[in-house]
There are 2 protein chains.
Amino acid sequence: MNIDTRNTFQPGSPQWWSTQPRERNSSSGRGRPSISFEKIIATALEIVNSAGPQALNMRVLADRLNSGTATLYRHFESKDEILAYVVDRFLGLLLEHKRDLSNLDWRGACFVTATDFYHQLSACPHIIPLLSSQIPVGPNALTLREAWLSMLLDAGFPPSMAASVYTTIAHYVLGFASQLSAGGRISQDTSHHLSQFFDRLDPALYPSTVKIAPQLSNISIDDEFSFGMKLIIHGLDYELNQAKLA
Amino acid sequence: MNIDTRNTFQPGSPQWWSTQPRERNSSSGRGRPSISFEKIIATALEIVNSAGPQALNMRVLADRLNSGTATLYRHFESKDEILAYVVDRFLGLLLEHKRDLSNLDWRGACFVTATDFYHQLSACPHIIPLLSSQIPVGPNALTLREAWLSMLLDAGFPPSMAASVYTTIAHYVLGFASQLSAGGRISQDTSHHLSQFFDRLDPALYPSTVKIAPQLSNISIDDEFSFGMKLIIHGLDYELNQAKLA
DNA sequence: ACCTGAACACCGTTCAAGT
DNA sequence: ACCTGAACACCGTTCAAGT
């Protein structure tokens with residue numbers, strides 16, 4: 001736990017992103033910096049992915065780059081800015097692995113896209129807390145959002161509904177992933193402990209919890225994810241028909 | 001941003017909770033401590049609610065209690081333990097304000113319970129990041145889970161499905177609330193900035209995003225929440241019928 | 001001009017001294 | 001026995017000195 005928000009990230013004033021890809025001093029002729037923008041972010045993402053956000057501190061990052069902490073501040077305003085770029089680079093992975101959705105209807109496309117997002121998050125659980133603490137507005141985030149929204153518009157959702165659908169699904173995936181990261185730090189060990197904990201509860205006090213204890217902790221989290229996504233898509237189907245009738 | 005997880009909370013081994021309400025040295029006759037367990041948690045919750053988790057540090061908390069930091073460690077093992085109790089105390093508010101659901105069917109009960117939870121989170125947005133970073137297993141968390149699960153079982157959901165439904169809705173509410181807290185730090189100001197940011201995007205690059213920009217940032221977040229909850233409940237209705245037929 | 005070691009400020013935690 | 005000021009370890013950030 002231990003959420004530290006000393007330097008509050010202001011998602012509403014995304015001061016680090018321009019609407020055009022920012023030209024960083026990556027190889028600007030004379031006086032080229034010894035470490036590049038890209039190299040810093042790549043290294044930071046490596047550290048986060050392998051050891052979690054708490055393992056990323058400016059000293060470790062600088063050391064890994066054979067540099068000093070102060071040098072990092074020549075490239076980035078703050079650690080938060082670095083983390084924002086790390087998140088966007090992670091979202092870039094989704095773009096790279098994007099599947100062909102052209103022969104799926106919107107139901108299939110929603111399911112596949114959400115599931116791919118979820119699986120990518122499962123593969124990089126350490127990214128999840130970072131994603132919940134900011135509204136991603138980097139270039140890759142924008143591209144992903146655009147793809148989602150245009151798919152929904154093409155499927156015939158009215159604009160106001162497309163926005164709601166996008167929000168609903170995004171929140172569902174993120175909410176699911178959040179608990180994944182909370183429970184997933186040492187997941188094999190953890191779920192066993194959790195299951196034991198629920199089993200040991202007094203059945204007189206918590207009859208339903210005890211009854212469902214095996215399901216609560218042993219069911220495949222992936223199956224639970226699919227279950228909820230199907231619920232949402234089914235509900236969407238209904239709403240879309242209502243909207244078309246109106 | 002700036003997620004600090006130095007002292008990782010282990011949700012699977014909830015070492016601080018017993019299955020019976022723990023008897024703390026609140027007024028144990030002789031040698032009573034100058035500050036009580038309850039007083040510490042109440043003060044910590046006040047600080048978190050009014051100024052956010054980042055404002056809660058051991059020095060501030062000790063000062064507010066006219067004590068020293070070391071004294072806090074006579075009552076709690078760590079700051080994380082304090083935060084876990086803060087979360088459970090927050091969940092206690094939900095129990096206090098619980099509405100009578102007896103004349104609602106499960107659809108209404110789901111909707112009302114999820115919405116009340118969501119509203120309580122909106123009223124205490126600073127609690128949200130704490131909730132996503134742990135699986136609550138305190139006494140109030142257990143009582144709430146029990147109420148949910150027994151309601152679902154009573155409604156005729158088979159046990160395995162009740163667990164999935166509980167998980168789905170919990171994740172949805174939390175995912176929604178997460179973005180609320182990410183975007184909600186200075187929400188009135190923030191949503192204006194976000195909307196400006198989306199408006200200024202190049203329509204050639206992000207046509208759908210620009211088209212939906214007003215919806216994306218201006219739509220009432222409460223309406224979006226209701227929309228998604230209705231989707232889920234509608235989907236549940238379908239699944240429950242399927243299960244009953246099988 | 002660019003880089004960076006060293007310092008500063010801050011915070012969780014512990015310890016030894018005080019009552 | 002209980003409390004707590006002071007110290008320790010750690011980390012984000014800055015600054016002044018070095019090249």
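All residue numbers refer to positions counted from 1 along the written sequence of the respective chain. The naming scheme follows written order: chains are lettered A onward, ligands numbered 1 onward. For this predicted model, a pLDDT threshold of at least 70 governs which residues receive local features, and a threshold of 80 or more governs which side-chain atom pairs are given and counted, while totals over whole chains, interfaces and linings are taken from all residues. Water and hydrogen atoms play no part in the side-chain values, which are based on all heavy atoms of the structure.

> How would you sum up the environment of K79 of chain A? Please name residues and give values.
If you trace the backbone, K79 of chain A turns up in helix α4 (residues 79-96). In this structure the C-alpha to C-alpha distance between K79 of chain A and P214 of chain A, which are 135 residues apart in sequence, comes to 42 Å. Runs of H or I in DSSP of at least four residues are treated as helices and runs of E of at least two as strands, each being numbered from the N terminus.

> I'd like a description of unusual backbone geometry, backed by residues and values.
For N66 of chain A, which is not glycine, the phi dihedral falls at a positive 50°. Here N66 of chain A falls in the exposed class, since its relative accessible area comes to 75%. Relative accessibility thresholds used throughout: buried, under 20% of the residue-type maximum; exposed, over 50%; partly exposed, between the two (1.4 Å probe, protein chains only).

> Tell me about the pattern of salt bridges, and please be specific about residues and values.
A side-chain nitrogen of Lys or Arg and a carboxyl oxygen of Asp or Glu constitute a salt bridge if their distance falls within 4 Å. Here the structure, examined in full by the defined rule, presents 10 salt bridges over all chains. With a closest N to O distance of 2.7 Å, E38 of chain A and R89 of chain A form a salt bridge. Note that E38 of chain A is positioned in helix α1 (residues 37-51) and R89 of chain A in helix α4, a separation of 51 residues in sequence. You can call E38 of chain A partly exposed: its relative accessible area is 43%. When the shortest N-O distance is used, the salt bridge between R107 of chain B and D237 of chain B registers 2.7 Å. Placement of R107 of chain B in helix α5 (residues 106-123) and of D237 of chain B in helix α11 (residues 221-245) is noted, with a sequence separation of 130 residues between them. A cluster of three or more residues bridged by salt bridges with shared partners is formed by D105, R107 and D237 of chain A.

> Got a sec to walk through the environment of P139 of chain B? Specific residues and values, please.
Relative to the helices and strands, P139 of chain B resides in helix α7 (residues 139-154). The class of P139 of chain B is partly exposed, set by a relative accessible area of 38%. Linking P139 of chain B and Y85 of chain B, residues 54 residues apart in sequence, is a C-alpha distance of 9.6 Å. Setting aside anything within four residues of it in sequence, one finds P139 of chain B in contact with Y206 of chain A together with W17 and D88 of chain B. Should any heavy atoms of two residues lie within 4.5 Å, those residues are considered in contact.

> Quick one: what's the story with the confidence of the model for chain A, residue by residue and with numbers?
Residue and element names in this part refer to chain A. On a range of 0 to 100, pLDDT expresses the predictor's confidence in each residue. For chain A, per-residue confidence averages 82 on the pLDDT scale, and residues scoring 70 or more make up 80% of the total. Within the model, pLDDT remains below 50 along residues 19-32, and this stretch shows 13 contacts once partners closer than five positions in the same chain are excluded. Throughout residues 184-188 the model reports pLDDT below 50, and contacts reaching past four residues in sequence, or to other chains, amount to 6 contacts.

> Talk me through α1 of chain A; I want residue IDs and the actual numbers.
Residue and element names in this part refer to chain A. A helix is expected to span 1.5 Å for every residue after the first. End to end, α1 covers 21 Å across 15 residues, agreeing with the expected 21 Å (1.5 Å per residue, within 8%). Considered for burial, the residues of α1 that qualify are F37, I40, I41, T43, A44, L45, I47 and V48. On its buried face, α1 is in contact with α2 (58-64), α3 (69-72), α4 and α6 (128-132). At the exit of α1 stands G52, carrying a positive phi of roughly 90°.

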